[in-house]
Amino acid sequence: MIDNYFDSETYSKIDFAVQQIKKGEYDNCIFENCNFENVHASNIQFVECEFINCNFSNAIVKNTAFKDVQFYNCKMIGVKFNECDPFLLQLKFEQCQLNFSSFYQLKIPNTNFNNCNLEEVDFTETQLQQATFNESNVKRAIFDRSNLTKADFRTALNISMNPDENQLKGAKFSKENCIGLLHKYQIVIE
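Rules used in this analysis
Residues numbered from 1 in each chain as written. Predicted model: local features only at pLDDT ≥ 70, side-chain atom pairs only at ≥ 80, totals over all residues. Heavy atoms only, no water. Helix = DSSP H or I, 4+ residues; strand = E, 2+ residues; numbered from the N terminus. Rg over C-alpha atoms; globule rule 2.2 N^0.38 Å. Buried < 20%, exposed > 50% of the residue type's maximum accessible area, 1.4 Å probe, protein only. Contact = heavy atoms within 4.5 Å. Patch = residues over 30% accessible without salt bridge, like charges linked within 9 Å, V, L, I, M, F, W, Y side chains within 5 Å. Areas by Shrake-Rupley, 256 points an atom, 1.4 Å probe, with all protein chains shown as cover. Salt bridge = Lys/Arg side-chain N within 4 Å of Asp/Glu carboxyl O. Pairing = 2+ DSSP bridges. Axes fitted to C-alpha atoms, helices over the stretch in contact; angles between N-to-C directions. Phe/Tyr/Trp six-rings, centres within 6.5 Å; stacked < 30°, edge-to-face > 60°. Lys, Arg positive; Asp, Glu negative; His and termini not counted. Polar contact = N/O pair within 3.5 Å; in protein donor to acceptor, adjacent residues only side chain to side chain.

A. A look at the overall build of the chain. The number of helices and strands found in the chain is zero helices and ten strands. Here the C-alpha radius of gyration of the chain, 17 Å, is about what a compact globule of 190 residues would show, namely 16 Å. Summarising its shape, the C-alpha atoms of the chain cover approximately 55 × 30 × 20 Å along the three principal directions. Counting the 190 residues in the chain, one finds 45% classified as buried. Restricting the contact set of the chain to residue pairs at least 6 apart, pairs at least 24 apart contribute 3%.

B. Main features of a nonpolar patch on the surface. Taken together, the side chains of Ile 179, Leu 182, Tyr 185, Ile 187 and Ile 189 define a hydrophobic patch exposed on the protein surface, amounting to about 450 Å² of accessible area. By secondary structure assignment, the location of Ile 179 is in the segment after strand 10 (112–114).

C. The sheet that holds strand 3 (residues 25–27), seen in detail. If you walk across this open sheet you meet the four strands as 1-3-5-7, and the pairing is parallel. Of all the strands in the sheet, the pair left with one neighbour each is strand 1 (5–7) and strand 7 (65–67). Neighbouring strand axes in the sheet, compared pairwise and without regard to direction, differ in orientation by 10° on average. The pairing of strand 1 with strand 3 spans three bridges and is parallel. Of the residues in strand 3, the one forming a bridge with Asp 7 is Asp 27.

D. Geometry of the packing of aromatic side chains. Under the counting rule described, the total for this entry stands at 34 aromatic pairs. When the centroid spacing of 5.2 Å and the interplanar angle of 80° are considered together, the rings of Phe 46 and Phe 51 count as edge-to-face. Residues Phe 46 and Phe 51 agree in their burial class; the two are buried. Summarising the aromatic geometry, the rings of Phe 56 and Phe 71 are spaced 5.7 Å apart at their centres and angled 90° between planes, so their arrangement reads as edge-to-face. Taken together, the residues Phe 56 in the loop between strand 6 (50–52) and strand 7 and Phe 71 in strand 8 (residues 69–72) connect sequence positions 15 residues apart. Across the pair, exposure class does not vary: Phe 56 and Phe 71 are buried alike.

E. Examining the side chain of Lys 67 more closely. Relative to the assigned elements, Lys 67 resides in strand 7. Buried and without a salt bridge, Lys 67 has Asp 85 as its closest oppositely charged side chain, separated by 5.4 Å. If we skip the residues at most four places from it in the chain, Lys 67 touches Gln 45, Phe 46, Val 47, Glu 48, Phe 87, Leu 88 and Gln 90.

F. Looking closely at the pairing of strand 9 (residues 91–94). Where burial is concerned, the two faces of strand 9 differ: the one with Leu 91 and Phe 93 is buried and the one with Lys 92 and Glu 94 is not. Note: strand 8 against strand 9, four bridges, orientation parallel. Its bridge partner being in strand 9, Gln 70 is matched across the sheet by Lys 92.

G. Seen up close, the side chain of Ser 136. Relative to the elements of secondary structure, Ser 136 occurs in the segment after strand 10. Here Ser 136 falls in the buried class, since its relative accessible area comes to 0%. A distance of 3.4 Å separates a polar atom in the side chain of Ser 136 from the backbone nitrogen of Asn 115. Of the polar contacts made by the side chain of Ser 136, one reaches the backbone nitrogen of Cys 116; its length is 3.0 Å. When residues no more than four places from it in sequence are discounted, the contact partners of Ser 136 are Phe 113, Asn 114, Asn 115, Cys 116, Leu 118, Thr 155, Ala 156 and Leu 157.

H. Here's a closer look at the environment of Val 79. By the element assignment, Val 79 lies in the loop between strand 8 and strand 9. Each C-alpha atom, one on Val 79 and one on Val 61, is 7.6 Å from the other, the two residues being 18 residues apart in sequence. For Val 79, the contacting residues outside a window of four places in its chain are Phe 56, Asn 58, Ala 59, Val 61, Ser 101 and Ser 102.

I. View of the sheet that holds strand 10. Judged by pairing direction, the sheet is parallel, and its six strands sit side by side in the order 2-4-6-8-9-10 without closing on themselves. The open sheet is flanked by strand 2 (10–12) and strand 10, the only strands paired with a single partner. When strand polarity is set aside, the average angle formed by the axes of neighbouring strands in this sheet is 10°. The pairing of strand 2 with strand 4 (residues 30–32) spans three bridges and is parallel. Within strand 4, the position partnered with Tyr 11 by the bridge is Phe 31.

Here is the structure:
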């Protein structure tokens, strides 16, 4: 049973580290310039919500549902998305800082990472079929036994992954960034 139900509400400039977020379901809500840093946002459902200019760094999202949720210009460093509710999980990221976050073993096909910083993000065993990494920095991101079938890395930056350890059938790379697929061979390309 859901504690509270919030529909089509806008939350602006709220510091949820001070004012605790209410547990419940947030449907078609907008969160703008809100602070969730280090907040326990567990067991909350966000359905078709938008987060704009929010700070989610180190937020705890255990069993939190993100169903068709969009993040714009959000700081989300160290978020363990792998602990959120995987049922109907659907995310979109635009101009977000996701460094050190984890998507370990999640099924998030068709996810868009547009102009995001994904340094040292853990994508181990993640299902990322047809995901897009448009203009995103994936420096030291971990792609290990990940399904990247038909993923688009053409404009991604700082790619380094082992093609033998990932499913890459139909994945798209530019000539410039495919050098990161040869990194394991320690060859020099001039």
